[in-house]
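Each chain is listed here by its residues.
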Amino acid sequence: MFLLFFASSVGAAQHFEEDLLTLEHSAYCAQNDTVRNVFLFQKFQLFVANGQYGARAFSEAKRVQYQLLPDSLKWKYLWNASLIAYLNGDKDYTSFYGNCFRALHSDTLMAESTVLHAFQNMGNDSLVALDVACLSATDTIFACMRCLGAVGQSEQFPAETRYVVASALVPGSGMFLLGDARRGATALAINAGIGVLIYIFCKEALFVNAFGWGGALITKFYLGNIQLTRVLHQRKWAKISSERDTDCQTQIKAKLQKYPLRFM
C-alpha cells in the first residue's frame, strides 16, 4: 500500500512538473505579450491549484504583467498574487497587488481584500482602525477587529518601579501587589527570619556569624526578592498580552469563517 501511494505521489509530481514545462514552452512561443501573459498566469495558477505557495509560486506571480491580462482574469490574478506575497512575508508586494486589486473597483472579494490589508497592518493601530471602519460599514461583525492593531505591541502596563520599590521597602510586598501571595509571604518570612537571627547574633556578640548571615541576607535574599519581583512583573504582563492576542485570534477566526481568505 505504501509503495502504491509513493508511486502515485511521484507520478503526480512528475505530471505537475511536465505541465509547468508545457506552459513555459507555450509562453516562450507565444505570438505576442498578451498571449504570453495568459500562459504565465496559467502557470502561476497551476502552482496555486497544486498547493504550492512557496518561493517558486511567488517568483512566477512576479513574472505576470497583470495589465495585459483579460479583465476576467485580472482580479483573480491580483487576489491570488496578494495572498502568495503575504504568505511569503513580502509586505511591499502584498500592498502592491492588494492596491491594484482594490483599484479594479470590483465588488468581488472587497471585504476579504480589506481583511488581508488589516492583517498586513497588524500592530499598527491607526492603519488597522481605518481598515476596520471600512469593514464595519460592510458588516458589523468586523468591529472587534480593532484588536489587530494591538497585536505584538506592548501595552502601557503599570511600570515595574512601584513593585520594585515596594519589595525594597518591605520584602515580598511587590509580589503581593502582583498577585503572587505565596512567593510574597515566603520572601517576607525568609527576610524577616534572617533579620531576627542577625539581631540575636549581634545581641550575643557573635559578630562573625552576624556578618556572614547579613551578607547572605543582602546578596541572596533581599536583592533576590527584588530581582524576583522584576521577573514576576514581566511574566504577568507578558501572559496578559499573550492571552489578549490569543483572544483576538479567536475572534478573527470567527470572521474568517464568513469571509475566508482563500485562493481563487
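This report concerns the structure included in the present document.

Inspection of the secondary structure assignment puts E60 in helix α3 (residues 55-63). Apart from the residues within four sequence positions on either side, E60 is in contact with K43, F44 and F47.

Residues F44, Y77, L78 and Y97 are the most contacted members of the largest nonpolar core, which totals 29 residues. Secondary-structure elements contributing two or more residues to this core are α1 (2-28), α2 (33-49), α3, α4 (71-87) and α5 (91-103). Among the elements that take part in this core, α4 stands out by supplying seven residues, more than any other. Discounting chain neighbours no more than four positions away, the residues touching Y77 are F41, F44, A61, V64, Y66, L69 and Y97. Counting residues in each nonpolar core, the second largest holds six residues, with Y163, L178, L232 and W237 among its members.

It is worth spelling out the packing of α2 against α4 at this point. Here α2 crosses α4 at 50°, and the two axes come no closer than 11 Å. As far as their axial angle goes, α4 and α2 are oblique. Considering only the axes of α2 and α4, their crossing is left-handed. Packed against α2, whose contacting residues are F41, F44, Q45 and V48, the element α4 presents L73, K76, Y77, N80, A81 and I84 at the interface. Tallied by class, the residues present in the contact of α2 with α4 amount to seven nonpolar, two polar and one charged.

In this section: helix α8 (residues 161-169). Every α-helix winds through 3.6 residues per turn, so residues three or four apart in the chain are directed the same way. For α8, every residue scored as buried is listed here: Y163, V164, A166 and S167. End-on view of α8: buried residues confined to an arc of 160°, all on one side of the axis. Exposed and oriented more than 90 degrees from the buried face of α8 are T161, R162 and L169.

This part covers the packing of aromatic side chains. Overall, the coordinates contain eight aromatic pairs when judged by the stated rule. Relative to Y93, the ring of F58 lies with its centre 5.6 Å away and its plane at 90°, an arrangement referred to as edge-to-face. With a gap of 35 residues between them, F58 in helix α3 and Y93 in helix α5 connect regions that are remote in the sequence. A relative accessible area of 8% places F58 in the buried class. According to the relative accessible area criterion, Y93 is partly exposed, its value standing at 31%. Aromatic rings pair up to connect F44, F58, Y77, Y93, F96 and Y97 into one cluster.

Thresholds applied
- Along each chain, numbering runs from 1 in the same order as the chain's sequence is written.
- The predicted nature of this model means local features are confined to residues of pLDDT at least 70 and side-chain atom pairs, given and counted, to a pLDDT of 80 or more, with totals for whole chains, interfaces and linings taken over all residues.
- Note that water and hydrogens are dropped before the side-chain values are worked out from all heavy atoms of the structure.
- Strands are runs of DSSP state E lasting at least two residues, helices are runs of H or I lasting at least four, and both sets are numbered from the N terminus onward.
- Any pair of residues with heavy atoms lying within 4.5 Å of one another is described as a contacting pair.
- By nonpolar core is meant a set of buried Ala, Val, Leu, Ile, Met, Phe, Trp, Tyr and Cys residues that side-chain atoms within 4.5 Å join together.
- Burial here depends on accessible area, computed with a 1.4 Å probe over protein chains only, as a share of the maximum for the residue type. Under 20% is buried, over 50% is exposed, and the range in between is partly exposed.
- Note on geometry: axes are C-alpha line fits, over the in-contact stretch for helices, and angles between N-to-C directions span 0 to 180 degrees.
- Should an angle lie under 35 degrees it is considered roughly parallel, over 145 roughly antiparallel, and from 65 to 115 roughly perpendicular; all remaining angles are considered oblique.
- Two helices cross in a left-handed way if the nearer one is turned anticlockwise from the farther one by less than a right angle. They cross in a right-handed way if the turn is clockwise.
- All amino acids are sorted into three groups, where Ala, Val, Leu, Ile, Met, Phe, Trp, Tyr, Cys and Pro are nonpolar, Asp, Glu, Lys and Arg are charged, and the leftover types, Gly among them, are polar.
- It is the directions from the helix axis to the C-beta atoms whose arc is reported.
- Only the six-membered ring of Trp is used, alongside the rings of Phe and Tyr, when aromatic pairs are assigned; centres must lie within 6.5 Å, and planes under 30 degrees apart are stacked while those over 60 apart are edge-to-face, with the rest tilted.

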